[in-house]
Amino acid sequence: MDKLSITGGVRLAGDIRASGAKNAALPILAGTLLASTPVRVSNVPHLRDVTTTFELLGKMGVRVTMDERMGIEVDPRPIHDLCAPYELVKTMRASILVLGPLLSRYGEARVSLPGGCAIGARPVDIHVAGLRQMGAEIDVEKGDIVARCKRLRGATVVMETVTVTGTENLLMAATLANGRTVLKNAAREPEVLDLANFLIAMGARIEGAGTDTIVIDGVAQLEGVDYAVLPDRIETGTYLVAGAMTGGRVRVREARPTDLEAVLEKLEASGAQVTTGEDWVEVDGGGRRPRAVSLTTAPHPGFPTDMQAQFTALNAIAEGTGVIEETIFENRFMHVLELQRMGADIRIDGNKATVHGKAFLTAAPVMATDLRASASLVLAGLVARGDTLVDRIYHVDRGYEQIEEKLAHLGARISRVPG
Ligand code: UD1
């Protein structure tokens, strides 16, 4: 298993490019299943979860062609196996995103139930309830969700909790349903809006994406298009935190700062100077130690849970005390135990972590437990005294494209140790 070796203490400086957003690329690739003709998707990041999605589509018989320059071409026409098997779903929960498109386009689907996940229970009951309301018959057989329908019909679905992939699944399902679907309490994340824009480009009739009520009028068919995935706001935010933590100056190009408001606000509160242009954002830590910030995670436009671990790491070396409250996922503090091994002073009480900033962290061998937790360990390594070795970085590779190249470009002393 590969590891990352990081020697802390370098003030980062320079600029890097944001990759395409993982959390938009995954639903968009699932959404290609709705098309009647080939679809081209560009700005798709080279990530493990994306490779898993290609594998999933490939197993169904879908033809996926990669072209460095043009992007990815997905031809759904040869599909013959409407199934997402356990061996893939267990490595990537987002595989559930094929359920809505398969059912809507082909009238049946078999998708393995995602098992327990390291960051909380993460059920899929809202996905299933919504599809049932749209007329699907759904059973669980041998650990698989088995779904059937003639043609889905429009319905008004009030989602009990704000769920990102739940909204995306129902949105995709509704595009080919008979009649009007109204999704209430919908997720407003930029990735949901990007998916909606992709579907609209293919011919779907959708209003209100990006708000909490989305109205979809079903159409008979969707056609292939050329679509570029939006920039990754979580990746962008992670590099900005790296800049602030090291007191450095980091600019991220080809980004979308308007998607990052809650994060930029906290970076400013930490004492960093934040400057934005239309498609870039820069943070300047001015050589100072950051101030601790308090925050509470919430659905968009609130503070994203996917940036929580990174700010926990920032607080660990900040001046003062910050309280981090996690309201989206239970058990999303696994990075805290590892940060403590590097000397961080963090107390957990239920869903709150109180972080007393220390003047410095001490390098240690640490273990990544999930995607964002692993990013926080890399950040901690950048400021720790000595050499930090982050193990199990396949978690990092699920969500960060070329992390060591990008950080090295900013001056970090980081390398991948093959294992
Ligand atoms: C997506 C993101 C993930 C991010 C999360 C929250 C993708 C591929 N992943 O995950 O990076 O951390 O949004 O912003 O886009 N819930 C239910 N029943 C359901 C579905 C969800 O109770 O049927 C609950 C979950 O347990 C959780 C909350 O709703 O407490 C939000 O989860 P959800 O938005 O669904 O997360 P994901 O879509 O899996």
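Scroll up to find the structure.
Residues numbered from 1 in each chain as written. Predicted model: local features only at pLDDT ≥ 70, side-chain atom pairs only at ≥ 80, totals over all residues. Heavy atoms only, no water.

Concerning unusual backbone geometry
- Residues His-300 and Pro-301 are joined by a peptide bond in cis, for which omega reads 10°.
- Assignment of secondary structure puts Pro-301 in the loop between strand 18 (295-296) and helix 10 (308-316).
- For Lys-142, which is not glycine, the phi dihedral falls at a positive 50°.
- A positive phi is found at Asn-331, a non-glycine position, where the angle reads about 65°.
- Tracing the backbone through its elements, the reader meets Asn-331 in the loop between strand 19 (321-325) and helix 11 (334-341). (Helix = DSSP H or I, 4+ residues; strand = E, 2+ residues; numbered from the N terminus.)

Details of the pairing of strand 13 (residues 213-217)
- Counting buried positions over the 5 residues of strand 13 gives 4, a clear majority of the element.
- Bridging between strand 11 (residues 180-184) and strand 13 involves 5 bridges; their strand directions are antiparallel. Opposite Lys-184, over in strand 13, you have Thr-213 as the bridge partner.
- Here 3 bridges tie strand 12 (residues 205-207) to strand 13, and the two strands are oriented antiparallel to one another. Each residue of the ladder has a partner; that of Glu-207, found in strand 13, is Val-215.
- Where strand 12 folds back onto strand 13 in an antiparallel hairpin, the turn is made up of 5 residues, including Gly-208, whose phi is positive at roughly 90°. (Buried < 20%, exposed > 50% of the residue type's maximum accessible area, 1.4 Å probe, protein only. Pairing = 2+ DSSP bridges.)

With respect to the pattern of salt bridges
- Counting across every chain of the model gives 22 salt bridges.
- Its salt-bridge partner being Glu-235, residue Lys-406 comes within 2.7 Å of it at the nearest N-O pair. Linking Lys-406 in helix 14 (residues 403-409) with Glu-235 in helix 8 (residues 233-245), this pair joins segments that are 171 residues apart in sequence.
- For Glu-235, a relative accessible area of 1% corresponds to the buried category.
- Where Arg-256 meets Asp-259, a salt bridge forms, and the shortest distance between an N and an O atom there is 3.0 Å.
- What makes Arg-256 partly exposed here is its relative accessible area of 31%.
- Classification of Asp-259 as buried rests on a relative accessible area of 12%.
- Several salt bridges converge on common partners, so that one network encompasses Asp-2, Asp-397, Glu-404 and Arg-416. (Salt bridge = Lys/Arg side-chain N within 4 Å of Asp/Glu carboxyl O.)

Structural notes on the sheet that holds strand 20 (residues 345-349)
- Here we have 4 strands laid out as an open sheet, ordered 18-19-21-20, and mixed in their pairing. Here the strands that pair on one side only, and so sit at the sheet edges, are strand 18 and strand 20.
- Bridge analysis of strand 18 against strand 19 gives 2 bridges, and the strand direction is parallel. Within strand 19, the residue paired with Leu-295 across the bridge is Ile-324.

What to know about the packing of aromatic side chains
- In the structure shown here, the tally under the stated rule is 2 aromatic pairs.
- Relative to Tyr-227, the ring of Phe-198 lies with its centre 5.5 Å away and its plane at 65°, an arrangement referred to as edge-to-face. Here the residue Phe-198 occupies a position in helix 7 (residues 190-201), and Tyr-227 occupies one in strand 14 (residues 226-228), the gap between them amounting to 29 residues. Per residue, the accessibility class of Phe-198 equals that of Tyr-227, and both read buried.
- Taking the centre distance of 5.3 Å and the plane angle of 90° together, the rings of Phe-303 and Phe-311 count as edge-to-face. For the pair Phe-303 and Phe-311, one class covers both residues: buried.
- Its end group placed over the ring of Trp-280, Arg-251 keeps NZ or CZ at 3.9 Å from the ring centre.
- Taking NZ or CZ as reference, Arg-385 lies 3.7 Å from the ring centre of Phe-360, over its face. (Phe/Tyr/Trp six-rings, centres within 6.5 Å; stacked < 30°, edge-to-face > 60°. Lys NZ or Arg CZ within 6 Å of the ring centre and 35° of its normal.)

Brief notes about the site of the ligand
- In the neighbourhood of the ligand, 19 residues make up the surrounding shell, with Asp-125, Thr-163, Thr-165, Asp-306 and Ile-328 lying closest.
- With respect to the ligand, the side chain of Asn-23 contributes an N or O atom lying 3.0 Å from an oxygen atom.
- Thr-163 is positioned such that a nitrogen or oxygen atom in its side chain is 2.7 Å from an oxygen atom of the ligand.
- About the coverage of the ligand: the protein hides 86% of its 740 Å² of free accessible area.
- When contributions to the shell around the ligand are tallied by element, the ones reaching two or more residues are helix 5 (125-133) and helix 6 (164-175).
- Element by element, the count of residues in the shell around the ligand is highest for helix 5, at 3 residues.
- Each residue belonging to the shell around the ligand can be placed in one class, and the counts come to 8 nonpolar, 6 polar and 5 charged. (Near = heavy atom within 4 Å. Polar contact = N/O pair within 3.5 Å; in protein donor to acceptor, adjacent residues only side chain to side chain. Areas by Shrake-Rupley, 256 points an atom, 1.4 Å probe, with all protein chains shown as cover. Nonpolar A, V, L, I, M, F, W, Y, C, P; charged D, E, K, R; others polar.)

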